[in-house]
Amino acid sequence: MLGDALAELRANAGECADEPIWPLSDDTLVDCLGAVHQVAQVVAAAELHLIREIDGRGLAVAQHASSTPVWLREHLRISVHAAKRLVDLARALDQRPTLDSALSAGAVNVEQAAVVAAAIQDLPADLGQELVDKAEAVLIAQAGQYEPGILRKAGQRILAHVAPELADAADAAALERMEERARQTRAFRLTRHGDGRVRLTGWLDEGGAAVVNAALDPLCAPCHDDAELRTPAQRRADALVEICELATRTEQLPDNGGQRPHVVVTVPYDPLHEQLGIGMLDTGGRLSPGQVRQHACDAQLIPAVLGGDGQVLDLGRTRRLITGPLRRALELRDRGCAFPGCDRLPRWCHGHHIRAWVDGGPTNLDNSVLLCGYHHRLIHRGHWTVRLAPDGMPEFIPPKYVDPRQQPRRNLYHHRA
């Protein structure tokens, strides 16, 4: 009986999990890992059989769930996306008994089975059962050599292997289908996690991704004198923000609610004059006082006086900071990001108040410096400081852990003789 077999399996698996690992030799350790992984795939096949039967009986709807994936989400406490992948694979295996047997025998793993099923589904509908079966057999055999990413590429070229006379026309048709699917499923989402991070997820088609890469790549190179080592992923994240900041400074974006695109930060009235408090974004996110100061450097500020209950008592006009002739003079003086070693051009830079505007610092050339987004954030962390030298040029004082003597540094990149 299945119940008895599962009880024995659970007991044996528990014993394996409790066994000490440290006495194993290197070879035995590797062998055991392979064996456990293979058993896990066989158990996954059994799970998929159960899911397919539950789905076929309509059990989820009978228990008042809207679909089988939703029922699985609640019953197994997994994400609905993971549940949908399980249901889709269970249905595909039901249609492909050979692939199902390969998974049950451990010849393919779950990821590989999903790749093979997708490749078979993408074959031309009029190909013929004999060639479809041959393609399936070839991919199952290749699963013994290739991980899912390479196997997926093999699946895209499988027709050239089993029916080369049809491959060119079928590849063109398949590429068109892929492009259409990519266009229809393109998406971009920002998900707030509540811990100060916002997750970016989405899909682009190949053409759109090429445009994004072309825009990000020039900004992803590490700065010549980074005080901190940024990972490639961190540099790409910074580059995306820089591109959006540049776009919001142009006149090309359409109005949003009758206004130019802008970021709204609400800061308590009294702390603005004494000590900055926490800023509240119009998206619901929060900014630390340091981030509020950074936004106040080169932004449009609309002062608003709020009553104790949040009622707007007075709303002032926008004050533009470091724009117009002052911005042009700043660009002529600094020629780009003024931080030592940085090669960012003026269009990628913010105007930074050396003495913060919220602390009474004036908006003039003697209190301003151009900084790219990365070095602007760096300065606001407080480790480096910036000042104007007697000749009117900006110079930066490094922290002691960078230079114990704290010798002033300048950017020589933009002012080379």
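Here the structure is a predicted model, which means the values were calculated and not measured.

Asks: Please set out the overall build of the protein residue by residue, giving values where relevant.
Replies: From N to C terminus, the protein includes 17 helices and 13 strands. With 417 residues in all, the protein has 29% of them scored as buried. Considering only intrachain contacts with a sequence separation of at least 6, the fraction spanning at least 24 residues in the protein is 48%.

Asks: Describe the pattern of salt bridges, naming the residues involved and giving the relevant values.
Replies: Within the structure shown, the criterion is met by 17 salt bridges. The closest approach of N and O atoms between arginine 52 and aspartate 55, which form a salt bridge, is 2.9 Å. Taken as a pair, arginine 52 and aspartate 55 lie in helix H2 (residues 26-57) at a separation of three residues, close to a single helical turn. Under the relative-accessibility criterion, arginine 52 is labelled partly exposed at 24%.

Asks: So, unusual backbone geometry: which residues are in play, and what are the values?
Replies: Positive phi outside glycine occurs at arginine 77, with the angle close to 55°. Among the structural elements, arginine 77 can be located in the loop between helix H4 (68-76) and helix H5 (80-95).

Asks: How would you summarise the nonpolar core if you had to cite specific residues and measurements?
Replies: In this structure, Leu99, Val108, Leu123 and Leu139 are the most contacted members of the largest nonpolar core, which totals 37 residues. Listed by contribution, the elements that provide at least two residues to this core are H2, H4, H5, helix H6 (97-104), helix H7 (110-121), helix H8 (129-142), helix H9 (148-156) and helix H10 (158-162). In this view, leucine 123 contacts Val132, Ala135, Ile158 and Leu159; residues no more than four positions away in its chain are not counted. Phe339, Leu370, Tyr374 and Trp384 belong to the second-largest nonpolar core, a separate cluster that totals 18 residues.

Cut-off values and rules
Residues numbered from 1 in each chain as written. Predicted model: local features only at pLDDT ≥ 70, side-chain atom pairs only at ≥ 80, totals over all residues. Heavy atoms only, no water. Helix = DSSP H or I, 4+ residues; strand = E, 2+ residues; numbered from the N terminus. Buried < 20%, exposed > 50% of the residue type's maximum accessible area, 1.4 Å probe, protein only. Contact = heavy atoms within 4.5 Å. Salt bridge = Lys/Arg side-chain N within 4 Å of Asp/Glu carboxyl O. Core = buried A, V, L, I, M, F, W, Y, C linked by side-chain atoms within 4.5 Å.

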